[in-house]
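A look at the structure
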Amino acid sequence: MAFSFAIDIYGCQMNQYDGDRLRTSLIRRGWIETDRNEADAVVIVTCSIREKAEQKVLSEIGRYGKLYKTKGKPLLAVIGCMAQNMGADLLRRFPQVKVVTGPRHIGWVPDALENAMRHKTVLYLDEDPREMIDLHDAPVIRSNPYKAFVTIAHGCDNFCTYCIVPYVRGRFVSRRPNEILKEVSELVDDGVLEVTLLGQNVDSYGKDLKESYRFSNLLRDVAKVPRLLRVRFTTSHPRDFTEDVIKAMAEESKICPAVNLPIQSGSDRILKKMNRGYTVEGYGRIIKRLREALPEVSITSDLIVGFPGETEEDFQCTLEMLKTMEFGLVHTASYSPREGTPAANMPDQIPEEEKKRRLSIVNELQDAISFKKNKILEGKVFEVLLDDFAPKGKGMLQGRTPTDKVVLVPGDESMLGKLCKVRITGASNWYLYGEIVSFRDFSDVLEVRI
Ligand code: SAM
Ligand code: SF4
């Protein structure tokens, strides 16, 4: 008998990638994807970067619990960072949870789910978090047919003092280059036009490989995959960002001129307490160099406000830094203490109300900067890959410029997956609005800068 499943994904793009690989693996085994309220089993791919993310998942698990009580289904597989963090506690608290496994053991999940369905056994799969049990299916059954994520490295060795990632995702491990290139080729054969290479710190790629093969080598090799149109990557770390990556971006036309380079704070004192390994001045030098080598480059960043001990003076430094750097977009967050990380035990924790106040000030400032930068683009023409329906509004599609700006244009389903020239007609701080000027013939795309 075929079992049915649904997948709920929370958190980062790596979780999206893991969710798509699991979907592919389960469908290849004969499982049928269905509505989450009808499914025999629901896989929840979780995040534990902030407390709020965990609370959301706990309330969702509780909601499924009511269904499970009345209908005897769905069984739940809770996987990913929060599963690693909470472990067997999830099994004890929720009878509907039958499988728990961390991000390094995703390869076990299909067998575990089948066992749970057939024998109703409860499986907790995470006894040795250092071991890597991966899935080997490329995510060919994806939520988006035109673009795909490809994880190039697992884990992180940086141990920023606020961050739970090294504890739940484990130590840094690069995937083999040939494995990555094979996966990209499979995705392209399946119709993918754009890949985003993923890692918590892509610039460290290769440091644990025997051969001398670094991130810039991988970028260049992925760009050579025939019929692939665009290569993106995230996330870069200012401590490890190197000149050879800038050179590869400048020389390979398929590598998009967009970099997400998290700064996290505008105060050197706080950066030191965060264990980030750079100063604001050092960070500024990288931005300067990037903008010199790639004048069209778009730089986005991540920022935390209310880190323990952040004074009003430190906070003012952050506001000044935002004005100087002029990022296109910043992912902002108020500091969330994560048990087991050094910062959670630091003195001078900032009260929630104050963190909220600082967050709303940085958001207001950055919104104005993003809006100003987007407004300048009105009237300009960009090459846009139409890759999805717009989140709101019937008859609207969305696409991205090479610089990763989201553009909304009027259009219908038949235009999806097409490259076109778009004239920008309007701007907000999050989106650009445009009209299609012409469609691009794919045959010449490999030779020109897109
Ligand atoms: N590896 C990347 C880097 O070097 O910044 C980022 C990866 S992390 C999963 C994504 C973002 O979550 C971080 O850039 C940081 O801004 C945010 N983050 C991580 N831990 C946090 C915490 N305890 N509280 C608030 N935000 C946090
Ligand atoms: Fe977390 Fe720092 Fe690693 Fe990014 S680099 S994942 S913030 S520990």
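Residue numbers restart at each chain and count upward from 1, following the sequence in its written direction. Labels follow written order: the first chain is A, the first ligand is 1, and so on. Note on the predicted model: pLDDT of at least 70 is required for a residue's local features to be given, and 80 or more for side-chain atom pairs to be given and counted; whole-chain, interface and lining totals, by contrast, use all residues. As a convention, hydrogens and water are excluded, and side-chain values are obtained from all of the structure's heavy atoms.

What follows is about the sheet that holds strand S6 (residues 123-124). Read from one edge of the open sheet, six strands run S2-S1-S3-S4-S5-S6, paired in parallel fashion. Each edge of the open sheet is held by one strand with a lone partner, namely strand S2 (32-33) and S6. The strands touched by helix H1 (residues 13-28) are strand S1 (4-9), S2, strand S3 (41-46) and strand S4 (75-80); relative to S1, the strand with the most contacts, the crossing angle is about 175°. The criterion used for residue contact is that any of the two residues' heavy atoms lie within 4.5 Å. Fitting a line to C-alpha atoms yields each axis, with helices limited to the stretch in contact; the angle taken between N-to-C directions then spans 0 to 180 degrees. Counting from the N terminus, the helices are DSSP H or I runs at least four residues long and the strands are E runs at least two residues long. Contacts between helix H5 (residues 109-119) and the sheet are confined to S3, S4, strand S5 (97-101) and S6, with S5 contributing the most and set at about 165° to the helix. A pair of strands is labelled paired if DSSP reports no fewer than 2 bridges between them.

A word on the site of ligand 1. When we say a residue is near a molecule or strand, we mean one of its heavy atoms is within 4 Å of it. Contacts to ligand 1 come from 17 residues, most closely from Tyr162, Gln200, Gln264, Asp302 and Ser336. The contact in question runs from a nitrogen atom of ligand 1 to an N or O atom on the backbone of Tyr162, over 3.0 Å. Residues adjacent in sequence count toward polar contacts only when both atoms are side-chain atoms; beyond that, a polar contact is any pair of N or O atoms within 3.5 Å, and within protein one must be able to donate a hydrogen and the other to accept it. A distance of 2.6 Å separates an oxygen atom of ligand 1 from a polar atom in the side chain of Asp302. For ligand 1, the accessible surface in isolation is 560 Å², of which the surrounding protein chains cover 88%. Contributing elements (two or more residues each) for the shell around ligand 1: strand S13 (298-305) and strand S14 (329-334). By the convention adopted, Pro, Cys, Tyr, Trp, Phe, Met, Ile, Leu, Val and Ala count as nonpolar, Lys, Arg, Asp and Glu as charged, and the other residues, Gly among them, as polar. The class makeup of the residues in the shell around ligand 1 is seven nonpolar, six polar and four charged. Areas reported as accessible are Shrake-Rupley estimates using a 1.4 Å probe. Residue values count occlusion only from the protein chains shown.

Moving on to the pattern of salt bridges. Any Lys or Arg side-chain nitrogen located within 4 Å of an Asp or Glu carboxyl oxygen qualifies as a salt bridge. One pass over the structure, following the stated rule, counts 43 salt bridges. Put simply, Lys73 and Asp40 hold a salt bridge, and the shortest N to O gap is 3.5 Å. In this pair, Lys73 is assigned in the loop between helix H2 (51-71) and S4 and Asp40 in the loop between S2 and S3, connecting sequence segments 33 residues apart. Partly exposed residues are those whose accessible area sits between 20% and 50% of the maximum for their type, while under 20% is buried and over 50% is exposed, using a 1.4 Å probe and protein chains only. Lys73 sits in the partly exposed class, given a relative accessible area of 25%. Two residues, Glu310 and Arg358, come together in a salt bridge whose shortest N-O distance is 2.8 Å. Remark: Arg358 occurs in helix H13 (residues 352-375) and Glu310 occurs in the loop between S13 and helix H12 (312-325); sequence separation between them is 48 residues. Its relative accessible area of 2% is what places Glu310 among the buried residues. Among the residues examined, Arg358 registers a relative accessible area of 6% and is labelled buried. In the salt-bridge network here, residues are joined through shared partners; they are Glu194, Arg230, Arg232, Arg400 and Asp404.

This paragraph deals with H13. Between its terminal C-alpha atoms H13 stretches 34 Å, which fits the 34 Å expected from 24 residues at 1.5 Å a residue. By the burial criterion, the buried members of H13 are Lys355, Arg358, Val362, Leu365, Gln366, Ile369, Ser370 and Asn374. For H13, the secondary structure elements touched by its buried residues are S13, H12, S14, strand S18 (419-427) and strand S19 (431-439). The span expected for a helix works out to 1.5 Å for each residue beyond the first.

Moving on, we get to the site of ligand 2. Neighbouring ligand 2 are Cys156, Asn158, Phe159, Cys160, Tyr162, Cys163, Val165, Pro166, Gln200, His237 and Arg276. By residue class, the composition of the shell around ligand 2 is seven nonpolar, three polar and one charged.

What follows deals with the packing of helix H9 (residues 243-251) against helix H11 (residues 280-293). Running from N to C, H9 and H11 point in directions that differ by 20°, and their axes come no closer than 10 Å. Regarding the angle of H9 to H11, the classification is roughly parallel. With respect to the hand of their crossing, H9 and H11 are arranged in right-handed fashion. Mapping the contact onto sequence places Glu243, Ile246 and Ala250 in H9 and Arg289, Leu290 and Ala293 in H11. Looking at the contact of H9 with H11 residue by residue, the classes come out as four nonpolar, no polar and two charged. Geometric relationships in this document are graded by angle, where less than 35 degrees denotes roughly parallel, more than 145 denotes roughly antiparallel, 65 to 115 denotes roughly perpendicular, and other angles denote oblique. Crossings are sorted by hand: turned counterclockwise from the far helix by less than a right angle, the near helix makes the crossing left-handed, and turned clockwise it makes it right-handed.

Turning our attention to the nonpolar core. We define the nonpolar core as a collection of buried residues of types Ala, Val, Leu, Ile, Met, Phe, Trp, Tyr and Cys that are connected through side-chain atoms lying within 4.5 Å of one another. Counting residues in each nonpolar core, the largest one holds 68 residues, and the members touching the most others are Val195, Leu197, Phe233 and Phe327. Every residue in contact with Phe327, bar those within four places of it in the chain, is listed here: Ile263, Tyr283, Ile287, Ile299, Thr300, Ser301, Met321, Leu322, Gln366, Ile369, Ser370 and Lys373.

With that settled, consider the confidence of the model for the chain. Of the residues in the chain, 97% have a pLDDT of 70 or more, and the chain-wide mean is 93. As a per-residue measure, pLDDT reflects the predictor's confidence and takes values from 0 up to 100. Scored below 50 in pLDDT, residues 444-450 shows 23 contacts in the model against residues more than four places distant or in partner chains.

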